[in-house]
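# Architecture at a glance
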Amino acid sequence: MADVTWTPEGEKLFAKLLAAVPEAMREPIKPKLIQMLAQRAGSGSIDEAAIKTMVQEDLPEPQKSALMQAIGMQAPPQQEGPVLEWSGKSEIMFELMLGEVPEGMRSIFRGKLSAVIAQKTQGGAVTDDHVNAVVNEIVPEPFKSNILKKFKTLGDFDPAIIAAIVERFGTSRDKLMFIMHAVQDEIGYLPREAMLAISDKTGIPVSAIYSVASFYKAFRLQRPGAHHVKLCCGTACHIHDTAGVGREIEHKIAASPGVSIEKTLCLGCCDCAPVVEIDGKVYKGAEAQAKIDSITLG
Ligand code: FES
């Protein structure tokens, strides 16, 4: 772009325009803007008029309206964003997406992006897939990667669950175990994303939460399978398992992807030892073997 020339006003307005572009995009987008301006200016210098025309006619929404406003142009009338019905994590994802937009431009983006989503939903509820599609189709790099990375921290559960539980127990560290148990009861296990969310809501370092989760056998870090087996490793069960039933069960479950296993301490039925708990019910002896066979073979 060495042969591009500017009028003093044009140069000043271009600097204002660039300043309004989010910092991470400023350098990558600068040559493209200059190229568009050079085409607009033809053989002349780039002046204010060329910049305004380029912004108004060459840029896509919602960037167009936001940048028109930033350089003092009359932006197209802002329509109230449509009222959307959210489902799953879609609303939180939408807010995360908006969080990447500079604050001064956020209201314009909110309205425009809501309208894009409304077109996709055709009157139905907004799903996670709708928001994902908007990010993938509209959002430029590096924002797209940042946003998609943040989406991954949400996990496959409704973050409102964590918020409600922390609200119930409070944020003090001595309530951490209660919070973790309640989250596991709701979600079925304690995924990494849930621990991050607990940390975020309580201010307790995630390393401390992970230490507790990995220390106590009561917490499950892996998603339970369609069937969940608790293999008792308490003293009575260990001593009475002369036939190696526990080991056999472990082998069968290892070869059955839909069945998860958790080694646990005393299940409270020592007089029937050795025992296993399968989907919440305690079995012993031949009954346990038959049930294990039915879920691993069936
Ligand atoms: S040790 Fe297994 S039930 Fe008590």
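Because the structure is a prediction, the values reported are computed rather than measured.

### What to know about the sheet that holds strand S1 (residues 227-232)
Reading across the sheet, the 4 strands line up as S2-S1-S3-S4 and stay open at both edges, with mixed pairing between neighbours. The open sheet has two edge strands, strand S2 (259-264) and strand S4 (281-284), and neither has a second partner. The mean inter-strand angle of the sheet, taken between neighbouring strand axes irrespective of direction, is 25 degrees. One ladder, built from 4 bridges, connects strand S3 (residues 275-278) with S4; its direction is antiparallel. Counted as the bridge partner of Val276 is Tyr283 from S4. Sitting on the sheet, helix H14 (residues 245-254) is in contact with S1, S2 and S3, with an inclination near 150 degrees to S2. Across the sheet, helix H15 (residues 285-297) touches S1, S2, S3 and S4, and the angle it forms with S4 is around 115 degrees.

### Side note on the side chain of Glu277
Along the chain, Glu277 turns up in strand S3. What makes Glu277 buried here is its relative accessible area of 16%.

### Points about the packing of aromatic side chains
Following the criterion strictly, the structure yields 4 aromatic pairs and no others. Relative to Phe14, the ring of Trp6 has its centre 4.8 Å away and its plane inclined at 35 degrees; by these criteria the two rings are tilted. Judged by its relative accessible area of 23%, Trp6 falls in the partly exposed class. Ring geometry for Phe215 and Tyr216: centres 5.0 Å apart, planes at 85 degrees, overall edge-to-face. Accessibility expressed as a relative area gives 63% for Phe215, which makes it exposed.

### Structural notes on a nonpolar patch on the surface
Taken together, Met177, Phe215 and Tyr216 make up a surface patch of nonpolar side chains, about 320 Å² in accessible area. Within the element layout of this structure, Met177 appears in helix H10 (residues 176-187). Residue classification places Met177 among the partly exposed positions, given a relative accessible area of 30%.

### Describing H10
Along an α-helix, residues three or four positions apart point the same way, because every turn accommodates 3.6 residues. Helix length check: H10, at 12 residues, gives a terminal C-alpha distance of 16 Å against a target of 16 Å (1.5 Å per residue), a fit within 8%. Where the residues of H10 are buried, they touch helix H9 (159-169), helix H11 (192-202) and helix H12 (206-215). Gly188 occupies a position one or two residues after H10 and carries a positive phi of about 105 degrees.

### A closer look at the nonpolar core
Ranked by size, the top nonpolar core spans 44 residues in total, and within it Phe14, Leu17, Ile51, Val55, Leu67 and Met97 carry the most contacts. Of all the elements in the fold, those that place two or more residues in this core are helix H1 (8-20), helix H2 (23-41), helix H3 (48-58), helix H4 (63-70), helix H5 (90-99), helix H6 (106-121), helix H7 (128-138) and helix H8 (143-152). A domain-level breakdown of this core finds at least three residues from each of domain 1 (8-70) and domain 2 (90-152). The contact partners of Ile51, leaving out residues within four places of it in the chain, are Trp6, Gly10, Leu13, Phe14, Leu17, Leu37, Ile46 and Ile71. Membership of the second largest hydrophobic core comes to 21 residues, among which are Phe157, Ile162, Ile165 and Ala213.

### Describing the environment of Ile71
Tracing the sequence through the fold places Ile71 in the loop between H4 and H5. With a relative accessible area of 5%, Ile71 lands in the buried category.

### Describing the domain arrangement of the protein
Many descriptions give the size of an interface as the accessible area lost when the pieces come together. Assigned domains of the protein: these are domain 1 (8-70), domain 2 (90-152), domain 3 (159-215) and domain 4 (227-297). The distance between the C-alpha centroids of domain 1 and domain 3 comes to 47 Å.

### Thoughts on unusual backbone geometry
Going from Ala273 to Pro274, the amide bond is cis rather than trans, its omega being 5 degrees. Residue placement: Pro274 occurs in the loop between S2 and S3. Although it is not a glycine, Gln122 adopts a positive phi angle of roughly 55 degrees. One can find Gln122 in the loop between H6 and H7. Assessed through its relative accessible area of 70%, Gln122 is described here as exposed. Phi at Asp279 is positive, roughly 50 degrees, even though this residue is not glycine. In this structure, Asp279 sits in the loop between S3 and S4. What makes Asp279 partly exposed here is its relative accessible area of 40%.

### Regarding the side chain of Arg220
Within the element layout of this structure, Arg220 appears in the loop between H12 and S1. The exposure class of Arg220 is buried, given its relative accessible area of 17%. Polar side-chain contacts of Arg220 include one of 3.2 Å to the side chain of Glu262. Beyond its immediate chain neighbours, meaning those up to four positions away, Arg220 contacts Gln184, Gly188, Tyr189, Leu190, His228, Lys230 and Glu262.

The rules behind the values
Residues numbered from 1 in each chain as written. Predicted model: local features only at pLDDT ≥ 70, side-chain atom pairs only at ≥ 80, totals over all residues. Heavy atoms only, no water. Pairing = 2+ DSSP bridges. Helix = DSSP H or I, 4+ residues; strand = E, 2+ residues; numbered from the N terminus. Axes fitted to C-alpha atoms, helices over the stretch in contact; angles between N-to-C directions. Contact = heavy atoms within 4.5 Å. Buried < 20%, exposed > 50% of the residue type's maximum accessible area, 1.4 Å probe, protein only. Phe/Tyr/Trp six-rings, centres within 6.5 Å; stacked < 30°, edge-to-face > 60°. Patch = residues over 30% accessible without salt bridge, like charges linked within 9 Å, V, L, I, M, F, W, Y side chains within 5 Å. Areas by Shrake-Rupley, 256 points an atom, 1.4 Å probe, with all protein chains shown as cover. Salt bridge = Lys/Arg side-chain N within 4 Å of Asp/Glu carboxyl O. Expected span 1.5 Å × (residues − 1). Core = buried A, V, L, I, M, F, W, Y, C linked by side-chain atoms within 4.5 Å. Domains from an automatic or database assignment. Polar contact = N/O pair within 3.5 Å; in protein donor to acceptor, adjacent residues only side chain to side chain.

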